[in-house]
Amino acid sequence: MEKKDLDWANLGFGYIKTDKRYVSNYKNGAWDDGALVDDANIVLNECAGVFQYAQTVFEGLKAYTTEDGHIVCFRPDLNASRLADSARRLEMPVFPEDRFVDAIVELVKANAAYVPPYGSGATLYVRPYMMGTNPVIGVKPADEYQFRAFVTPVGPYFKGGAKPLTIRVSDFDRAAPNGTGMIKAGLNYAMSLHAIVTAHADGYDENMYLDPKTRTKVEETGGANFIFITKDGKFVTPKSDSILPSITRRSLMYVAEHYLGMEVEHREVYFDELKDFAEAGLCGTAAVISPVGKIVDHGKEICFPSGMTEMGPVIKKLYDTLTGIQMGRIEAPEGWIKTIC
Ligand code: PLP
Ligand code: COI
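Residues numbered from 1 in each chain as written. Chains lettered and ligands numbered in written order. Predicted model: local features only at pLDDT ≥ 70, side-chain atom pairs only at ≥ 80, totals over all residues. Heavy atoms only, no water.

I'm lost on the site of ligand 2 in this one. Help?
Contacts to ligand 2 come from Phe 58, Gly 60, Tyr 125, Arg 127, Tyr 157, Lys 184, Gly 223, Thr 285 and Ala 286. Within the backbone of Ala 286, a nitrogen or oxygen atom sits 2.8 Å from an oxygen atom of ligand 2. Here ligand 2 loses 89% of its free accessible area of 290 Å² to cover by the protein chains. A majority-of-atoms criterion places ligand 2 in the largest pocket. Per-class residue counts for the shell around ligand 2 are four nonpolar, three polar and two charged. Each of domain 1 (8–154) and domain 2 (165–325) contributes no fewer than three residues to the shell around ligand 2. (Near = heavy atom within 4 Å. Polar contact = N/O pair within 3.5 Å; in protein donor to acceptor, adjacent residues only side chain to side chain. Areas by Shrake-Rupley, 256 points an atom, 1.4 Å probe, with all protein chains shown as cover. 1 Å grid on protein atoms, 1.4 Å probe; cavity = no way out; pocket = protein on both sides within 12 Å on 5 of 7 lines; lining within 4 Å. Sits in = over half its atoms within 2 Å of the grid points. Nonpolar A, V, L, I, M, F, W, Y, C, P; charged D, E, K, R; others polar. Domains from an automatic or database assignment.)

Written out as structure tokens, the structure reads:
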């Protein structure tokens, strides 16, 4: 298979139309067989549930070319179960988890020419999603749904690559107490758009959201969980029922403990503790692990000792180990890598 002629090393995090996408429709209480299709456009009724009441949930995962030339993806079973959790929370039917994984395999295989070569620094981002498709005007769940997945080759999510980020504490909340912060629903991202646009306009890379109830604890950013390293080398990451259970963060907790022999604390993290950490980072499928150099709270700066020029040493070790597992340089825990071809 011949690869597409793309400038792999200079890709940003954007959309590039590829050859095939996967579509399955839900009607009369059942999903159809699903198929790969060519058309990247969707035609829906003007009153579809997704347009009126934002009944849509999504996922994000990546496919990689490994050192030995295979194409793999990372823990797609966890994306399948998280999409199921998201769907249940928005009263949508669950797309069967085994079919989710099969669809991703089929989709990536059909777009293999777009999977960036090993060592290029780029990866293939996979975006599965679901939406209510039939007309809904009273506030209620739709009866008909579509599950889709497309792929797009991507480079780093943050423009500077591995350069430490500057993050500000947001005055806006990302999630309500007892709300939908723990699911991957479009509505959580719509309400973060004003916060991210104004953060960028003010010169910050991202927002740190605090817990919506007390505004004393660290939650996450608009698209990634936080990780922190203490001065004595412990791995600390916020626990909250209003943040997205990041698959990258859950994987890093295992890597920190079992590959790097670190003590791992998954617990509430108070904002007041931040000044005592040695290193900080964001983690997620898109963010991978992006170092954080500085957090700004209304003009008051918290500067991590790891500085503003490169990743701190412990975060670098976590980054090398995780990406080593994803790209086949380091043996993965049982079940983490799904070989596609
Ligand atoms: N938090 C939010 C709000 C996200 O959108 C994402 C991205 O998926 C993450 C965290 C990271 O999750 P994951 O590691 O599963 O990609
Ligand atoms: C992901 O990491 O997959 C996400 O969905 C985050 C988004 C900000 C791109």
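Additional details are given in the paragraphs that follow.
Just to check I follow, could you spell out empty space enclosed by the protein for this structure?
Where empty space is left in the structure can be found by rolling a water-sized probe over the atoms. Summed over all chains, the structure comprises one cavity of 30 Å³ or more. If you go around the largest cavity, the residues you meet are Pro 164, Glu 279, Ala 280, Pro 291, Val 292, Gly 293, Ser 306, Gly 307, Glu 310, Met 311, Gly 312 and Ile 315. If you list the elements that add at least two residues to the lining of the largest cavity, you get β14 (277–284) and β15 (288–297). The dominant element in the lining of the largest cavity, judged by the number of residues it contributes, is β15, at three residues. Of the residues belonging to the lining of the largest cavity, the class tally is six nonpolar, four polar and two charged. (Points joined across faces, edges and corners; volume = space filled by probe spheres on them. Helix = DSSP H or I, 4+ residues; strand = E, 2+ residues; numbered from the N terminus.)

Got a minute to help me understand the pairing of strand β11 (residues 225–230) in this structure?
On a regular strand, one side chain projects to one face of the sheet and the next to the other, so that they alternate. When you tally the buried positions in β11, you get six out of six residues, the bulk of the element. In this structure, β11 lies alongside β14, joined through six bridges in antiparallel fashion. Across the sheet, Ile 229 pairs through a bridge with Glu 279, a residue of β14. Hairpin connection, β11 to strand β12 (residues 235–238): the antiparallel pair is bridged by four residues, and Gly 233 has positive phi, about 80°. (Buried < 20%, exposed > 50% of the residue type's maximum accessible area, 1.4 Å probe, protein only. Pairing = 2+ DSSP bridges.)

Would you mind showing me how to read the site of ligand 1 here?
Residues in contact with ligand 1 amount to 16 residues; listed here are only the nearest, Tyr 189, Glu 220, Ser 246, Thr 248 and Thr 285. One of the side-chain nitrogen or oxygen atoms of Lys 184 is found 2.8 Å away from an oxygen atom of ligand 1. Taking Tyr 189, its side chain carries an N or O atom lying 2.4 Å from an oxygen atom of ligand 1. Relative to its free-state accessible area of 380 Å², ligand 1 is covered by the protein chains to the extent of 97%. Put simply, ligand 1 lies in the largest pocket. Elements represented by at least two residues in the shell around ligand 1 include exactly α6 (247–259) and β14. The residue makeup of the shell around ligand 1, split by class, is five nonpolar, seven polar and four charged.

Can you walk me through the packing of aromatic side chains in this structure?
Geometry of an aromatic ring pair is reported as the spacing of the ring centres plus the angle between the planes. Taken as a whole, this structure holds 17 aromatic pairs when the rule is applied. Ring centres 4.9 Å apart and planes at 85° place the aromatic pair Phe 13 and Tyr 157 in the edge-to-face group. Linking Phe 13 in the segment before β1 (21–27) with Tyr 157 in the loop between β8 (145–154) and β9 (165–169), this pair joins segments that are 144 residues apart in sequence. According to the relative accessible area criterion, Phe 13 is partly exposed, its value standing at 30%. Judged by centre distance (5.9 Å) and plane angle (80°), the ring pair of Tyr 129 and Phe 150 falls under edge-to-face. Within this pair, whereas Tyr 129 is found in strand β7 (residues 123–132), its partner Phe 150 is found in strand β8, the two being separated by 21 residues in sequence. (Phe/Tyr/Trp six-rings, centres within 6.5 Å; stacked < 30°, edge-to-face > 60°.)

Read these as layout, nothing more, since geometry by itself doesn't imply function.
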